[in-house]
Amino acid sequence: VEEEEDEDDDEDSDPCKKSIATDDVPQAFSHFTYEHSGGKKLVCDLQGVWNADDGFVMTDPVVHYVSGSGRRHKNGATDKGFEGVK
């Protein structure tokens with residue numbers, strides 16, 4: 001009889017313990033901003049470089065904000081509100 005593995009002991013089941021490729025970090029951060037804000041904000045269009053001394057140096061992010069009134073451009077001309085998030 002095989003025993004089932006306890007998921008709490010399995011490091012592979014914990015997403016916080018998994019490594020991520022450097023190239024995937026900007027996309028993961030965009031996803032985090034959406035999830036953490038409950039779908040109201042999305043930071044995207046991240047551009048920049050990675051170096052071992054400073055980590056990521058990002059430029060020109062776009063922040064889309066979903067307002068209850070449908071207002072756009074709260075975070076500048078590139079903020080497309082709901083249309084930018086969907």
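Residues numbered from 1 in each chain as written. Predicted model: local features only at pLDDT ≥ 70, side-chain atom pairs only at ≥ 80, totals over all residues. Heavy atoms only, no water.

### Concerning the packing of aromatic side chains
Logical step 1: Inspection of the entire model under this criterion finds two aromatic pairs.
Logical step 2: The ring of Y65 has K74 sitting right over it, with the charged end atom 4.2 Å from the ring centre. (Phe/Tyr/Trp six-rings, centres within 6.5 Å; stacked < 30°, edge-to-face > 60°. Lys NZ or Arg CZ within 6 Å of the ring centre and 35° of its normal.)

### Things to note about the pattern of salt bridges
Logical step 1: Under the criterion given, the structure shown has one salt bridge.
Logical step 2: Among the ionic pairs, E83 bridges to K86, the shortest N-O distance being 3.4 Å.
Logical step 3: According to the relative accessible area criterion, K86 is exposed, its value standing at 65%. (Salt bridge = Lys/Arg side-chain N within 4 Å of Asp/Glu carboxyl O. Buried < 20%, exposed > 50% of the residue type's maximum accessible area, 1.4 Å probe, protein only.)

### Overview of unusual backbone geometry
Logical step 1: In this structure, D45 is a non-glycine residue whose phi angle is positive, near 55°.
Logical step 2: In this structure, D45 sits in the loop between β1 (41-44) and β2 (47-51).
Logical step 3: Its identity is not glycine, yet D60 carries a phi of approximately 55°, on the positive side.
Logical step 4: Of note, D60 is situated in the loop between β3 (55-59) and β4 (62-65). (Helix = DSSP H or I, 4+ residues; strand = E, 2+ residues; numbered from the N terminus.)

### With respect to the pairing of β2
Logical step 1: Strand direction decides the pairing type here: β2 and β3, joined by five bridges, are antiparallel. The partner of Q47 across the bridge, within β3, is T59.
Logical step 2: Between β2 and β3, which pair antiparallel and follow one another directly, the connecting turn spans three residues. (Pairing = 2+ DSSP bridges.)

### Re the nonpolar core
Logical step 1: Core analysis: the biggest nonpolar cluster contains five residues, these being L42, C44, V62, V66 and V85.
Logical step 2: With residues up to four places along the chain from it excluded, the contact list for L42 reads S30, T33, Y34, V62, V63, H64, G84 and V85. (Core = buried A, V, L, I, M, F, W, Y, C linked by side-chain atoms within 4.5 Å. Contact = heavy atoms within 4.5 Å.)

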